Amino acid sequence: TYDLGGLFAEAAFDVLDSTTVTAGARATYAAADANEVRDPVTDTQIEVEDDWAALTGSLRFETRMVDDGAATVALFGGISQGFRAPNLSDLTRFDSARSNEFEVPSPGLDPERFISYELGVKQATDQLSLQLAAFLTDGDDVIQRFPTGAVNGAGEEEITKANVGESRIGGVELGAAFRLASDWTAFGNVSWLDGKEDYIRGPGDPIERTVPSRLMPLMGQLGLRFAPEDQPFTAELRWIHSEDADRLSPRDEGDTTRIPPGGTPGYDVFHLTGTYRFAAGVSGQLALENITDEDYRVHGSGQNRPGRNLLVGLRWSF
């Protein structure tokens, strides 16, 4: 069994006339109790029982530097803490994992803890909206897989987990929407990530600084939306682009069931979607996805996405 509980509180208040501050706190409790776990050393049944608790907080702000009715320009940012307790898979798994790997239980793990920072600016007028944000996440006691040095009877490398060390991932995201005419809007966004994390190749090996596992490549999308005023229908065309994901960690390089040798190829995918509002709260959707029938996968997912496909949907909300 695995129990997870939390209590969250948040308050927003104005500082002067142009700044809003939002503060939040969360108390989290997690407990694992597994009484049928195979000890990888003695090959006997053991019990894994542990619990963890944490109090995390966040503090965010938004300052409206321009707000004259015709346009708004605001600076925003914040700092927040994160907490992830080891789950049952981390603690007790005894099964095949990545390519040619067999994961064994890892009792005694500590929680992962994170601190995230964000700073950005956004601007909006009747015709144009822009948002630019930079962000950074520092992790401590990050749980990582690494080989024990043993090989099982099937020839698979035995893998365990430990709180290896630190990680740092940062990036930038830019988004925009531009009203070309009363019925037409062009929109898009692009994001870029980079970072480093601690990694050990095996027992007794020194800690290395490597690329984070499954680090997403440069990605973006462009779209065109047709939404005539006082009409019940809309249409949208989206182009999604991904660069080659070839910045691989040592774990990624060996995980050839999820990631092709050399990295996940980039792709370009197009989606066409239309909606029609039949009545208040009732709408239909027709979507032609992956119009060009691209053979692609999201980096690290281990599964190719569907080819050209047609979706028909009906939504009723009340």
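All values reported here derive from a predicted model rather than from experimental measurement.

*Asks:* What is the right way to read the packing of aromatic side chains from this model?
*Replies:* Note on aromatic pairs: each is described by the distance of the centres and the angle between the planes. Considering all chains together, one arrives at seven aromatic pairs under this definition. Centroid distance Tyr 267 to Tyr 296: 4.6 Å. Interplanar angle 40 degrees. Geometry classified as tilted. Linking Tyr 267 in strand S14 (residues 267-279) with Tyr 296 in the loop between strand S15 (282-289) and strand S16 (309-316), this pair joins segments that are 29 residues apart in sequence. Overall, Tyr 296 belongs to the buried group, its relative accessible area being 12%. Between the aromatic rings of Trp 316 and Phe 318, the centroid separation amounts to 5.1 Å while the plane-to-plane angle is 45 degrees, which identifies the pairing as tilted. For the pair shown, Trp 316 and Phe 318 are each scored as exposed. Among the aromatic residues, those joined into a ring-pair cluster are Trp 184, Phe 226 and Phe 233. Sitting above the plane of the Phe 76 ring, Lys 122 keeps its charged end 5.6 Å from the centroid.

*Asks:* What's the story with the environment of Leu 193 in this structure? I'm lost.
*Replies:* Within the secondary structure, Leu 193 sits in strand S10 (residues 184-199). In this structure Leu 193 comes out as partly exposed when scored by relative accessible area, which is 21%. In sequence terms Leu 193 and Val 73 are 120 residues apart; their C-alpha atoms lie 25 Å from each other. In this view, Leu 193 contacts Phe 135, Ile 169, Gly 170, Gly 171, Leu 215, Met 216 and Arg 247; residues no more than four positions away in its chain are not counted.

*Asks:* Just checking my understanding: could you explain the pattern of salt bridges for this structure?
*Replies:* Close approach of charged atoms allows side chains with opposite charge to pair. For the coordinates displayed, the defined rule picks out 16 salt bridges. Taking the shortest distance from any N to any O, the salt bridge between Arg 84 and Glu 112 comes out at 2.7 Å. Of this pair, Arg 84 sits in strand S4 (residues 71-84) while Glu 112 sits in strand S7 (residues 112-125), placing them 28 residues apart in sequence. Put simply, Arg 84, Asp 90, Glu 103, Glu 112, Arg 145 and Lys 161 are held in one network by salt bridges that share partners.

Rules of the game
Residues numbered from 1 in each chain as written. Predicted model: local features only at pLDDT ≥ 70, side-chain atom pairs only at ≥ 80, totals over all residues. Heavy atoms only, no water. Phe/Tyr/Trp six-rings, centres within 6.5 Å; stacked < 30°, edge-to-face > 60°. Helix = DSSP H or I, 4+ residues; strand = E, 2+ residues; numbered from the N terminus. Buried < 20%, exposed > 50% of the residue type's maximum accessible area, 1.4 Å probe, protein only. Lys NZ or Arg CZ within 6 Å of the ring centre and 35° of its normal. Contact = heavy atoms within 4.5 Å. Salt bridge = Lys/Arg side-chain N within 4 Å of Asp/Glu carboxyl O.

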